[in-house]
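# Examining the three-dimensional arrangement
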Amino acid sequence: SGGGATGAGSGGRSTEDAQQIQDLLLQVQEEKQRSAAMQAHLSSLTRQRAGGQEAAQASADAAARATDELEHLRRQLAETQGRVAHQQQQLEEQNHQHQLERQQQQDNLLQQQQQLQQQLQQQRLASRQGTRAPG
């Protein structure tokens, strides 16, 4: 009977040991899963951070490109304004020159008109004197 009790006791102990081993294996399995989940979360955070850095870099690059483009447009605008101002000055000079030429033409026409009137008066005078002289 004592042997039987020992056998039952050792049998109970092996059942307990088996149960403890089973529990330990379960705990190890849970720890592995928890570790894998934490590793996945860490990887995700790392990717997000890298993505955030990439997004920040892309945003900085876009801002730099926009600044360069704006500077280019400012230079173009300044060049265009300079050309317009130069053309306006040329037009004003041409306009002034045309005004001077028109004034000169008007003066010339007045002179010609006066000369023609003087010639006409002289011809009238001469024709009067000419008609009187033979008579």
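Bear in mind the structure is a predicted one, so any value in this text is a computation, not a measurement. Sequence order as written defines the numbering, with residues in each chain counted from 1. For this predicted model, a pLDDT threshold of at least 70 governs which residues receive local features, and a threshold of 80 or more governs which side-chain atom pairs are given and counted, while totals over whole chains, interfaces and linings are taken from all residues. Only hydrogens and water are removed before side-chain values are computed, so all heavy atoms of the structure are retained for them.

### Notes on the overall build of the chain
Runs of E in the DSSP output that reach at least two residues are strands. Runs of H or I that reach at least four are helices, and both are numbered from the N terminus. On a plain count of helices and strands, the chain comes out with one helix and zero strands. Exposure is judged per residue with a 1.4 Å probe applied to protein chains only, and the accessible area is read against the type maximum: over 50% gives exposed, under 20% gives buried, and values in between give partly exposed. Across the 135 residues that make up the chain, the buried fraction comes to 0%. The Shrake-Rupley method, run with a 1.4 Å probe, gives the accessible areas here. Residue values count only the displayed protein chains as cover. Element-wise, carbon and sulfur atoms account for 52% of the exposed surface of the chain, whose accessible area totals about 12100 Å².

### Notes on the pattern of salt bridges
When a carboxyl oxygen of Asp or Glu is within 4 Å of a side-chain nitrogen of Lys or Arg, the pair counts as a salt bridge. Per the stated rule, a full pass over the model turns up two salt bridges. Arg-34 is the salt-bridge partner of Glu-31, the closest N and O atoms lying 2.7 Å from each other. With a gap of three residues between them, Glu-31 and Arg-34 both fall in helix H1 (residues 2–132), about one helical turn apart. The partly exposed category is assigned to Arg-34, whose relative accessible area is 45%. The shortest N-O distance in the salt bridge between Glu-71 and Arg-74 comes to 3.6 Å. Here Glu-71 and its partner Arg-74 are both found in helix H1, three residues apart, which amounts to about one turn of the helix.

### Thoughts on the confidence of the model for the chain
Confidence of the prediction at every residue is given by pLDDT, a number between 0 and 100. Here the chain shows a mean pLDDT of 87. Residues at 70 or above account for 88%. Contacts are residue-level and defined by heavy atoms, with any inter-residue pair within 4.5 Å sufficient. Per-residue pLDDT stays below 50 along residues 1–8; that stretch engages in one contact with residues further than four places along the chain or on separate chains.

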